[in-house]
Structures are given as structure tokens and as C-alpha cells.
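Chain and residue survey
Okay, here's what each chain looks like letter by letter:
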Amino acid sequence: MKKGVLLVNLGSPDSTDTKDVKRYLDEFLMDPRVIDVPRWARILLVRGIILNTRPKQSAAAYKRIWWDEGSPLIVISRRLQKKVQDNVTLPVALAMRYGSLTLKKGLQELRDQGVDDVLVVPLYPQFAMATTETINVKVEELRKEFFPTMEITSLPAFYNQPEYIKILSKSISEALEGLDYEHLLFSYHGVPERHIRKSDITRSHCKIDNTCCVTPSAAHRFCYRHQCLETTKLVVDALNLQEGTYSTSFQSRLGFDPWLQPYTDRTIERLGKSGIRKMVIVTPAFVSDCLETLEEIAMEGEEIFHEVGGKEFTTVPCLNDRDDFASFLAGKIDEWRIVDHKNAIA
Ligand SMILES: C=CC1=C(C)c2cc3[nH]c(cc4nc(cc5[nH]c(cc1n2)c(C)c5CCC(=O)O)C(CCC(=O)O)=C4C)c(C)c3C=C
Ligand SMILES: [Fe+2]
Ligand SMILES: [Fe+2]
């Protein structure tokens with residue numbers, strides 16, 4: 001069998017036009033693993049409420065971060081794809097879960113090169129129903145319908161892999177070099193609390209309190225909150241950060257349900273009000289800089305911080321197309337290529 005790789009990221013609208021943003025948000029938010037309510041309620045909520053106002057607002061936000069070459073997330077993902085391709089001997093394609101660069105096109109591109117054994121690499125360090133799971137489910141649907149003879153394996157979340165932690169820690173220490181700062185905030189994309197309970201394979205572990213995510217459990221393989229807290233902990237250990245000089249929060253809340261807490265915007269405000277004047281923020285749930293890091297954090301977050309007296313607000317770039325990150329992914333691909341992948345990837 002001929003092996004190949006499909007890197008998969010979230011996606012972006014085709015342009016910053018409100019109609020393109022609306023089309024993209026419709027596909028994204030109608031995904032039952034993103035807004036996980038019955039279909040009739042999702043239609044009412046997404047098409048009846050959110051899509052009436054959000055696309056214009058989001059289009060304006062995309063305009064603030066858009067590059068001449070296009071969406072930062074897509075451009076960066078392409079650069080990463082090229083670097084990974086330079087490091088391995090098998091074909092590497094790129095696709096997005098939402099938008100025009102579809103998973104179907106990505107799989108077809110590999111099939112056209114004779115590939116019939118694919119490693120799907122979700123570009124998310126932490127597992128979530130709205131990220132890794134929706135990619136895996138969609139890929140399986142496409143396999144059944146269009147590529148029935150293809151063998152497909154998915155790379156599990158790499159939130160605690162020593163090599164990944166080393167690279168993330170290095171990227172942070174590079175940003176901190178020569179910087180006099182008082183607090184480092186780890187801000188992860190949020191999800192509704194309900195998503196955490198739904199992903200609990202034990203059906204009894206996740207309480208979303210201060211104990212469950214630090215008590216060993218089989219549930220952690222699919223617990224986004226555990227995986228985020230673990231990434232923070234491992235980086236804290238690697239950088240020898242002192243208690244009280246760092247914290248973890250969750251950003252990008254949408255709607256009225258309770259999401260994972262503490263919320264990033266309120267945390268930035270609280271830090272500023274408590275007298276912190278120089279803060280640094282890192283966003284480990286995002287592999288590529290995107291709307292959520294370049295606009296929500298670097299622009300809106302900085303504004304909140306300054307409003308409450310903060311002076312210096314520094315953002316750590318995502319891993320993007322760093323050479324060491326591309327080599328890490330190439331290493332994972334090689335492990336799968338060389339060893340029988342059913343044994344290599346748990
Ligand atoms: C119910 C809504 C959402 C869930 C759940 C969610 C989870 C989730 N998302 C990411 C990564 C990204 N999200 C991005 C943008 C974005 N996310 C939502 C909503 C949910 N995300 C919306 C509505 C948007 C669009 C922008 C906006 O209108 O504010 C992006 C950026 C895309 C880009 O083009 O730059 C990323 C990346 C993760 C990792 C995650 C769960 C863990
Ligand atoms: Fe999101
Ligand atoms: Fe938990």
C-alpha cells in the first residue's frame with residue numbers, strides 16, 4: 001500500500017467579504033460537534049440568530065488580521081505543509097475541516113498520487129469534540145462514501161508529548177528572552193462545559209472541578225480540559241515557572257451556556273486590576289496564528305489590559321511553521337511510516 005499524509009486545520013473564509021464569512025460560519029456552526037444541540041434548535045440558533053449579526057462583526061475582525069496572501073491560518077498551514085513535506089519521503093497534502101480547502105479535495109489529491117493508506121494529522125495539540133473528533137468523523141464519512149478502499153489512521157492529540165512540550169517551551173522562552181514580565185497567561189480556546197461531559201468515556205469522571213482533571217482516569221484521553229491543564233503543567237515544569245507567576249484561562253466564548261472557566265478576557269482584566277503591569281500571553285490550543293490569536297488576543301486582549309492600567313502586553317507567536325515543529329510532525333509521520341501503524345499509534 002502507498003502511504004500519504006493529510007494535515008488538517010480548522011479553516012477560514014475565502015475572503016473578508018461578509019457573504020464569504022457567513023457561508024463559512026454557517027458550515028462551521030451547523031456542525032453538530034461544534035454547536036451540539038438538536039438540529040432544529042441549531043438551525044434556529046445559528047440561522048435564526050447568530051448569522052444575522054455575527055458575519056458582519058467577524059468580517060470586520062478578519063479584515064484587521066488578513067494578509068495580502070490570504071487568511072493567516074491558511075497561509076501558515078501551507079508553509080507548514082511545505083516544510084513537513086521537505087522532511088519526509090511520502091506525499092503530504094493539506095485540508096481544512098471547514099471552507100473551500102475541503103477534506104474531500106485533500107483525500108482526492110492523495111488518491112491521485114496513488115495513496116491508499118493515509119495518516120490524518122489534526123493540527124490540534126489537545127483533543128476536543130469540536131476539533132479532532134469532528135475531523136475524524138468527517139474523514140470516516142468521506143472514506144465510506146468516496147474512498148472505500150483507503151486505510152485511514154488519525155494521529156492522536158500530542159498535548160503531552162515530550163518533544164512537543166520542549167518545542168512549545170522553547171518558543172515561550174524565546175519570546176521571554178530579555179523581557180521583564182510579571183505574569184504568563186496560558187489562554188486556550190474554550191468549549192462549552194457540556195462538551196467535556198459528552199466526551200467523558202467513563203460517563204462519571206468529569207466534574208469540571210479542581211479535582212477530576214488532576215486525578216488519573218481513562219477519561220483524560222478525550223478530556224480537553226485535562227489536556228489543556230496538562231500542557232500548562234508540563235511547560236511550567238520545563239521552564240521552572242514559580243507559583244503565582246502564571247495561570248490558565250479559556251477564550252472565545254460564544255452564546256449563553258457555561259464554557260470552561262476562567263474566561264481569558266476577565267482574567268486579563270483581573271490581572272491588570274490586581275496591579276500586574278507587564279504580562280505575556282501564550283495560546284497553546286492554536287498551532288497557527290489566526291483570528292483568535294491575532295485579533296481576539298493581540299488586539300482586544302491588549303486593549304482590555306491597557307484599559308485597566310496594564311502597560312506591556314506581549315503575545316507569544318503560535319508554533320506556526322517553526323523548523324522544530326515541522327521536524328516534530330515529520331518524526332511522528334516517520335514513526336507511523338516505519339512501524340506497523342496499528343502498533344505505533346495508541
Ligand atoms: C460554539 C462555537 C465554537 C466552539 C465549540 C469552538 C471550538 C474551537 N475552535 C477552535 C479553533 C478556532 N476557532 C476559530 C474561530 C471561531 N470559533 C468559533 C466558535 C467555536 N469554536 C467561531 C464562531 C469562530 C469564527 C470567528 C468568530 O466569528 O469569532 C479559529 C480561527 C479561524 C480563522 O480563520 O482564523 C480557530 C483556529 C478550537 C481549537 C476549538 C476547541 C478546542
Ligand atoms: Fe473556535
Ligand atoms: Fe476532568
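Fair warning: this is a prediction, and the values are worked out from it, not measured in the lab. (Residues numbered from 1 in each chain as written. Chains lettered and ligands numbered in written order. Predicted model: local features only at pLDDT ≥ 70, side-chain atom pairs only at ≥ 80, totals over all residues.)

A look at the sheet that holds strand β7 (residues 278-282)
Test applied: A strand pair is defined by DSSP finding two or more bridges across the two strands. The helix count covers DSSP runs of H or I at least four residues long, the strand count covers runs of E at least two residues long, and both are numbered beginning at the N terminus. Lines fitted to the C-alpha atoms define the axes, with helices restricted to the stretch that makes contact. Angles between their N-to-C directions range from 0 to 180 degrees.
Reading across the sheet, the 4 strands line up as β6-β5-β7-β8 and stay open at both edges, with parallel pairing between neighbours. The strands lining the two open edges of the sheet, one partner per strand, are β6 (246-251) and β8 (312-315). Across the sheet, the axes of successive neighbouring strands diverge by a mean angle of 25 degrees, strand direction being ignored. Looking at chain direction, β7 and β8 are connected through 4 bridges and run parallel.

A closer look at the UniProt feature "binding site: Fe(2+)" (unreviewed entry) in the protein
What counts, and what does not: UniProt positions are given in the numbering used here, feature names are shortened, and annotations may be inferred rather than shown by experiment. Exposed residues have 12 or fewer other C-beta atoms within 10 Å of their own C-beta, buried residues have 20 or more, and residues in between are partly exposed; the C-beta atoms are placed from the backbone. What counts as a contact here is a pair of residues whose C-beta atoms, placed from the backbone, lie within 7 Å.
When the UniProt feature table is mapped onto this chain numbering, "binding site: Fe(2+)" (unreviewed entry) sits at His189 and Glu292. Spatially, the listed residues are clustered: although they cover 104 residues, their C-alpha atoms lie within 8.2 Å of one another. Look at His189 and you get buried, because 27 C-beta atoms sit within 10 Å. His189 has contacts with Gln251, Ser252, Ala285, Phe286 and Glu292, leaving out every residue within four places of it along the chain. Mapped onto the fold, Glu292 is located in helix α10 (residues 291-307).

Description of the nonpolar core
Applicable threshold: Under the definition applied here, buried Ala, Val, Leu, Ile, Met, Phe, Trp, Tyr and Cys residues are grouped into a nonpolar core through C-beta atoms within 7 Å.
Counting residues in hydrophobic clusters, the biggest one holds 91 residues, and the most contacted among them are Leu6, Leu7, Val8, Val120 and Val121. It is helix α11 (residues 323-338) that provides the largest number of residues to this core, a total of 7 residues.

Focus: the sheet that holds strand β3 (residues 117-122)
Taken together, the 4 strands give an open sheet; going across it, the order is β2-β1-β3-β4, and neighbouring strands pair in parallel fashion. Looking at the sheet topology across the chains shown, the edges are occupied by β2 (92-96) and β4 (151-154). Looking at each pair of strands side by side, their axes are set apart by 25 degrees on average, direction ignored. Where β3 meets β4, 4 bridges bridge the pair, whose relative direction is parallel.

Quick notes on the domain arrangement of the protein
So the rule is basically this: The split into domains, and so the bounds of each, comes from an automatic or database assignment of domains. All amino acids are sorted into three groups, where Ala, Val, Leu, Ile, Met, Phe, Trp, Tyr, Cys and Pro are nonpolar, Asp, Glu, Lys and Arg are charged, and the leftover types, Gly among them, are polar.
Taken domain by domain, the protein holds domain 1 (3-16 + 66-157 + 323-344) and domain 2 (162-315). Look at where the C-alpha atoms of domain 1 and domain 2 centre, and you get two points 25 Å apart. Domain 1 puts 18 residues into the contact, and the matching count from domain 2 is 20 residues. Secondary-structure elements contributing two or more residues to the side of domain 1 that touches domain 2 are α3 (72-87), α5 (129-146) and α11. For the side of domain 1 that touches domain 2, the class distribution of residues is 13 nonpolar, 4 polar and 1 charged.

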